[in-house]
Each structure stands twice: as structure tokens, then as C-alpha cells.
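What the coordinates show
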Amino acid sequence: MLDGFAEFLLLLVFVVGCAFGAVSAMLVLLIVYCFVWIPLHAALAIVILTSGITGWIVHLYFARKIS
């Protein structure tokens, strides 16, 4: 079992991973938007999905490292 500090670190890693994924997706979409028109709701969905997936990948990676 993980102690409270390790669980806090995993939560923090998840939040930072989500933020990194969102920023990365927004930068890619900004570049793509210069060449192809993308509806705003589709771009927002892509950013939300990418941030969540990136957060979980980073979270699972560090969860395996800690335990």
C-alpha cells in the first residue's frame, strides 16, 4: 500500500501530466489550424482527450515506479 505522501505525488503527477498534454495539444492544433479549419468544439474535444490520456499515462508510469 502507498502512504499518503506517495498518493499525493501520484495525484500531482496526474495533474501535471494533464496540463502538459493540454498545452502540447493546443500547440499542435494551433499549427494545424493555420492550414486546415477545425471546428472549435472538435478542437476542444481533442485537447480534453489528449490531456486526460497524457495524464493517465504519466500517472501509471510513476505509479509503477513508486510501487
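Here we summarise the structure given alongside this text. These figures come from a predicted structure and were not determined experimentally. (Residues numbered from 1 in each chain as written. Predicted model: local features only at pLDDT ≥ 70, side-chain atom pairs only at ≥ 80, totals over all residues. Heavy atoms only, no water.)

Description of the side chain of H59
The residue H59 is located in helix α2 (residues 40-66) in this model. Among all residues touching H59, those that are not within four sequence positions of it are L10, V13 and F14. (Helix = DSSP H or I, 4+ residues; strand = E, 2+ residues; numbered from the N terminus. Contact = heavy atoms within 4.5 Å.)

As for the packing of aromatic side chains
Within a pair of aromatic rings, the relevant descriptors are the distance that separates the centres and the angle that separates the planes. Applying the stated criterion across every chain, the model contains 2 aromatic pairs. Considering the side-chain rings of F14 and W56, the 5.1 Å spacing of their centres and the 55 degrees angle between planes classify their relative orientation as tilted. Of this pair, F14 sits in helix α1 (residues 4-33) while W56 sits in helix α2, and the two are 42 residues apart along the sequence. The exposure class of F14 is partly exposed, given its relative accessible area of 21%. Aromatic pair Y61 and F62: ring centres 5.2 Å apart, planes at 85 degrees, arrangement edge-to-face. Residue Y61 is classed as partly exposed on the basis of its relative accessible area, which comes to 47%. By relative accessible area, which is 35% here, F62 ends up partly exposed. (Phe/Tyr/Trp six-rings, centres within 6.5 Å; stacked < 30°, edge-to-face > 60°. Buried < 20%, exposed > 50% of the residue type's maximum accessible area, 1.4 Å probe, protein only.)

Examining a nonpolar patch on the surface
A cluster of nonpolar side chains, namely F5, F8, L9, L12, V16 and I66, defines an oily patch on the protein surface of about 560 Å² accessible area. The leading source of residues in the nonpolar patch is α1, at 5 residues. The exposure class of F5 is exposed, given its relative accessible area of 55%. (Patch = residues over 30% accessible without salt bridge, like charges linked within 9 Å, V, L, I, M, F, W, Y side chains within 5 Å. Areas by Shrake-Rupley, 256 points an atom, 1.4 Å probe, with all protein chains shown as cover. Salt bridge = Lys/Arg side-chain N within 4 Å of Asp/Glu carboxyl O.)

Let's talk about the nonpolar core
Counting 6 residues, the largest nonpolar core is built from A22, A25, L29, I38, A43 and V47. Where this core is concerned, the elements lending two or more residues are α1 and α2. Setting aside residues up to four positions removed in sequence, I38 forms contacts with L29, V32, Y33 and A43. (Core = buried A, V, L, I, M, F, W, Y, C linked by side-chain atoms within 4.5 Å.)

Some details on α1
End to end, α1 covers 43 Å across 30 residues, agreeing with the expected 44 Å (1.5 Å per residue, within 8%). Listed as buried for α1 are A6, L10, V13, G17, C18, G21, A22, A25 and L29. The inward-facing, buried residues of α1 abut α2. (Expected span 1.5 Å × (residues − 1).)

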